[in-house]
Amino acid sequence: MSRYSAAQIEANWRKAWDEAGIFRAGSDPAKPKYYVLEMFPYPSGRIHMGHVRNYTMGDVIARHKLATGHNVLHPMGWDAFGMPAENAAMASGGHPKDWTYQNIADMRDQMKPLGLSIDWSREFATCDPEYYGQQQALFLDMLEAGLVYRKNAVVNWDPVDMTVLANEQVENGRGWRSGAEVERRELTQWFFAISDMAEELLEALDGLDNWPAKVRLMQENWIGKSRGLQFAFGLNDGPEGFDRVEVYTTRPDTLMGASFIGVSPDHPLAKDLEKDDSDLAAFNAECRKGGTTEEALEKAEKRGYDTGLTVRHPFDTSWELPVYVANFILMDYGTGAIFGVPAHDQRDFDFATKYGLPIIPAFLPAEDADPHLTAPYVPAKTEPVHYVSNFAGDTWQSGADAIEATIAFCEANGVGQGVTKYRLRDWGLSRQRYWGCPIPVVHCDTCGVVPEKKENLPIRLPDDVTFDVPGNPLDRHPTWRQAPCPKCGADARRETDTMDTFVDSSWYFIRFTAPDAQTPTDVAAAEYWMNVDQYIGGVEHAILHLLYSRFFARAMHITGHLPKSASEPFNALFTQGMVTHEIYQTPGDNGRPVYHLPEDVKDGRLADGTPVQIVPSAKMSKSKKNVVDPIGIIDAYGADTARWFVLSDSPPERDVEWTASGAEAAHKHLSRVWRIASEIAEGSADGNAEADEALLREMHKAIHDVTVGVESFGFNAAIARLYAFTGVLAKSDAANAAKRQAARTLAQLMSPMTPHLAEEIWQMLGGEGLIAIAPWPVADPAMMHDDTITIPVQINGKRRTEIQVPQDMAKDEVEKVALATDAVQRALEGAQPKKVIVVPGRIVNVVI
RNA sequence: GCGGGCGUGCUGGAAUGGUAGACAGACCAGACUUAAAAUCUGUUGGGGCUUGUCCCCGUGUGGGUUCGAGUCCCACCGCCCGCACCA
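Residues numbered from 1 in each chain as written. Chains lettered and ligands numbered in written order. Predicted model: local features only at pLDDT ≥ 70, side-chain atom pairs only at ≥ 80, totals over all residues. Heavy atoms only, no water.

1. Thoughts on the overall build of chain A
Alright, step 1. When you go through chain A residue by residue, the secondary structure sums to 28 helices and 31 strands.
Alright, step 2. Looking at the 848 residues of chain A, the share that counts as buried comes to 54%.
Alright, step 3. In chain A, the share of contacts with a sequence separation of at least 24, taken over all contacts with a separation of at least 6, comes to 72%.
Alright, step 4. Roughly 38,300 Å² of accessible area belongs to chain A as shown, and the carbon and sulfur atoms make up 49% of that amount.
Alright, step 5. For chain A, the centre of its 82 positive side-chain charges and the centre of its 118 negative side-chain charges are spaced 3 Å apart. (Helix = DSSP H or I, 4+ residues; strand = E, 2+ residues; numbered from the N terminus. Buried < 20%, exposed > 50% of the residue type's maximum accessible area, 1.4 Å probe, protein only. Contact = heavy atoms within 4.5 Å. Areas by Shrake-Rupley, 256 points an atom, 1.4 Å probe, with all protein chains shown as cover. Lys, Arg positive; Asp, Glu negative; His and termini not counted. Charge placed at Lys NZ, Arg CZ, Asp CG, Glu CD.)

Here's what the structure looks like:
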């Protein structure tokens, strides 16, 4: 008998699937549709184990749906715009386009051996002009609908590379590539009006029952709805045009504890004052320079500048509070101005302590309040809070009630209004980069900003660009910028900013439903295929990509590109864990460890015998060298082994640690299954009917358990069940016919995870056609329960013995059997039990 | 600081409130072999004695609810993740 050879099997079956065209999504109305999608990859040029895990999970779902009679859409594409292509071009002198398409070709070649049930006919890359041209059309429609606009905004500006950087591209206040200190700069940029939809995006989260609660919560926090009071302090002797300072607070109940007013360095008042105050101008400039990174903020000291101005407290106009410009106040949240309550807020406390401002407790009981507090005074949760009406009245309330009551009180007394605010800000999409989707507008000296005509789309990126100097190549291109004004025809200039790549990924899943349409979408196709029934990807996209996509689906409905039913594009979301690996390191110079690839380490030592230090498992990363190349694994063991292993050891939402022994074990198991099937295929040994019955019963239980596992993302549990069933089959004395049936079923149950091996076994055992499209087995309930069952007997909740009883035995009969056991009789010592609990089919508990 | 999650053998992990440790890895022992590999079988939470179809303990710690708790509730400890000068 020959041995299991994945290399031989796998290529054959991929060819067979290809020729049969079984993964091509049709529109068979007789079948229910099912759209399964994994987040599409960035074409870095190399697939990694994370991809393998992600796509394998999606493939298990897709193949299972195919076998259960669904019309399945399972597409793949490339998130192909972005900075790495430009960085590669800058580093090696190539062109981003060549680099990207070469990487796509390479990655496609690496992915195909995985045997994924993908409809490759729908493949596209976001850098294809056919795609980004439609994206430009979408942009124009959104512009017309008021969903896109231009405004002046503060951004991270890298003065060396001369481009805007996203927040995540700023490290410790410096540009991640240039190392230059990032400046905050005001620029006119394009924005999507996502914040207008804040309430709807928040409310609709409630309906996303099949999303992880964690992701919904993260989005909820990100949208950040808050309820508060907005009102003004009257300003004494302010500059021209400034007679009040508008503030927003979520804690109006602390109003009587106010001791100063703080405004942002970017606040209009601060900007006005700095005109005549060079010290303040210097202070503001210093504040604006400060980085916006987490670390920079943590280190930054609370600093303020006393403007010398004062405001009047709304409830006691003789009470004057100083006005400071303070570095910790953000211009783009609330009104850019606050009142400080040092007694109840750590930041305000730090500030007040530094500048010798009063610390006034706003809550009773006043007798507990120390007039010389050394730390913020925080009332206990249950303690009644005496809110503003302490000043004017006598009502006692707490928490949110106190805040609402205070707002009502303030409104009644003409001090401001209750308002709802959101943290969510509009999405700035302008990037001063070449390798992105050009924003299709023209700047005309007479007409201003003019949308490009749709018939001129796509506005293509020019190919003749250079990357030898920093900045945006589109800006310095000799001719590309020149364009006639679509309105008046005069010479005008193209917009040279391109779109954030998150725009590309916000609607690609809709484009998959009609990838060749001459409009952004084919609404009928979108209506048929949308929504994505199951979306799978990393939790790192919990906010940005998933929130943007939810916004886009709504925007596309508004602009007529999608039915309303697709406004929430992803019915179910699953966030899978990472693939991790131990890190091997040896001490290097200057205390920095030297990392070693897993393949260079044997038994804890390098080839030359040097022992390595093993650092606990972490996400595979090139810099730590704790990576295992999927290609190497596929070459050594086959794709089925890689697929089986990444699904087997851990629940899919958790990280899985790649271990050499685990991969080896997976391969051994698949070899074993292959061997068992081969023996059955060759064998003709007789068995006994009793063994047949037992085997088939086990088979039906396995069908049930594995099906449940596959349908509920319990892949690891399904695989454990398959191990167990394989063991039963291997030991069974059943006749060949029964074994054959069981082995064919085993192959079917394994087919979503190990499709190639499953096909091979199916064929070996005389299965008809391709297993990939053979109807999924159905468990027979009659075969799933045994006539006689074993149930444990507890005494006072502790297991003491077990009894065998007929499955359908009456409760009191079961009780009698249990009481008659030696263990129970011994424990009773002739007495009567106090109570006997019988859970049918489950357990008996005798209470003594 | 705010929000969320998780703590189970040597390891990954399993367990609708109902036999804790399924299934794997690792280790050890045995079979086969001249030997090794491969394969197959078996053992493995801790402790005790009277070695049994035995007893006690055991799911981070301490309480509670329940006939019964890894699972539910309260408090604490530890770890992980997300957000964050957001007023």
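2. What to know about the protein's contact with RNA strand B
Alright, step 1. Among the 49 residues in the neighbourhood of RNA strand B, the closest are listed as Thr250, Lys302, Phe328, Arg347 and Asn845.
Alright, step 2. When the atoms of RNA strand B within 4 Å of the protein are grouped by moiety, sugar and phosphate amount to 62% of the total.
Alright, step 3. Tyrosine 333 is positioned with one of its side-chain polar atoms (N or O) 3.0 Å from a phosphate oxygen of RNA strand B.
Alright, step 4. Between asparagine 716 and RNA strand B, the recorded distance is 3.4 Å, taken from a side-chain N or O atom to a phosphate oxygen.
Alright, step 5. The residue inventory of the surface near RNA strand B, partitioned by class, reads 20 nonpolar, 10 polar and 19 charged. (Near = heavy atom within 4 Å. Polar contact = N/O pair within 3.5 Å; in protein donor to acceptor, adjacent residues only side chain to side chain. Nonpolar A, V, L, I, M, F, W, Y, C, P; charged D, E, K, R; others polar.)

3. As for the packing of aromatic side chains
Alright, step 1. Taken as a whole and assessed by the stated rule, the structure comprises 40 aromatic pairs.
Alright, step 2. Plain terms: the ring middles of phenylalanine 283 and tyrosine 305 are 5.8 Å apart, the flat faces sit at 40° to each other, and that makes the pair tilted. Residue phenylalanine 283 is found in helix α9 (residues 278-289), and its partner tyrosine 305 is found in strand β11 (residues 304-313); the two are separated by 22 residues along the sequence.
Alright, step 3. The buried category is assigned to phenylalanine 283, whose relative accessible area is 7%.
Alright, step 4. Overall, tyrosine 305 belongs to the buried group, its relative accessible area being 17%.
Alright, step 5. Taken together, the aromatic side chains of Phe40, Phe124, Tyr131, Trp507, Tyr508, Phe509, Phe512, Tyr535 and Phe570 make up a single cluster linked through ring pairs.
Alright, step 6. Geometry around phenylalanine 191 places lysine 151 over its ring, the cationic atom sitting 4.6 Å from the centre.
Alright, step 7. The ring of tyrosine 248 has lysine 421 lying over it, and the distance from NZ or CZ to the ring centre is 5.2 Å. (Phe/Tyr/Trp six-rings, centres within 6.5 Å; stacked < 30°, edge-to-face > 60°. Lys NZ or Arg CZ within 6 Å of the ring centre and 35° of its normal.)

4. Quick look at the packing of helix α23 (residues 715-731) against helix α24 (residues 736-750)
Alright, step 1. In the contact formed by α23 and α24, the axes pass within 11 Å of each other and the chain directions differ by 165°. In terms of axis orientation, α23 runs roughly antiparallel to α24. Crossing angle aside, the handedness with which α23 passes α24 is left-handed. Of α24, the residues touching α23 (which contributes Leu722, Phe725, Thr726 and Leu729) are Lys739, Ala742, Ala743, Leu746, Leu749 and Met750.
Alright, step 2. A per-class count over the contact of α23 with α24 returns eight nonpolar, one polar and one charged. (Axes fitted to C-alpha atoms, helices over the stretch in contact; angles between N-to-C directions. Parallel < 35°, antiparallel > 145°, perpendicular 65-115°, else oblique. Left-handed = near helix turned anticlockwise from the far one by under 90°.)

5. Here's the deal with the environment of phenylalanine 40
Alright, step 1. With respect to the secondary-structure elements, phenylalanine 40 resides in the loop between β1 (33-38) and α2 (49-67).
Alright, step 2. In this structure the C-alpha to C-alpha distance between phenylalanine 40 and tryptophan 78, which are 38 residues apart in sequence, comes to 5.8 Å.
Alright, step 3. When residues no more than four places from it in sequence are discounted, the contact partners of phenylalanine 40 are Tyr55, Gly77, Trp78, Asp79, Thr126, Ser505 and Tyr508.

6. Some details on the nonpolar core
Alright, step 1. Of all hydrophobic cores here, the largest spans 164 residues; its most connected members are Tyr508, Phe552 and Trp658.
Alright, step 2. Broken down by element, this core gets its largest block of residues, nine residues, from α2.
Alright, step 3. Ile261, Leu309, Val311 and Val341 belong to the second largest nonpolar core, which has 33 residues in total. (Core = buried A, V, L, I, M, F, W, Y, C linked by side-chain atoms within 4.5 Å.)

7. A word on helix α1 (residues 6-20)
Alright, step 1. Look at α1: 21 Å from first C-alpha to last across 15 residues, which is about the 21 Å you get at 1.5 Å a residue.
Alright, step 2. Those residues of α1 lying buried are Ala6, Ile9, Glu10, Trp13 and Trp17. Seen along its axis, α1 keeps its buried residues to an arc of 90°; they face one direction. Turned more than 90 degrees away from the buried face of α1 sit Ala7, Gln8, Asn12, Lys15, Asp18 and Glu19, all of them exposed.
Alright, step 3. Buried residues in α1 make contact with α2, α19 (630-637), α20 (639-648), α21 (660-682) and α25 (755-764). (Expected span 1.5 Å × (residues − 1). Arc of directions from axis to C-beta.)

8. What about the confidence of the model for chain A?
Alright, step 1. Averaged over every residue, the pLDDT of chain A is 87; the share at 70 or more is 92%.
Alright, step 2. For residues 365-371, every residue scores under 50 in pLDDT, and the model assigns this stretch six contacts once sequence neighbours within four places are set aside.
Alright, step 3. Contacts for the low-pLDDT stretch residues 379-397, under 50 throughout, to residues beyond four places or in other chains number 47 contacts.
Alright, step 4. Among the scores for the predicted complex, ipTM is 0.93 and pTM is 0.91. (pLDDT = per-residue confidence, 0-100.)

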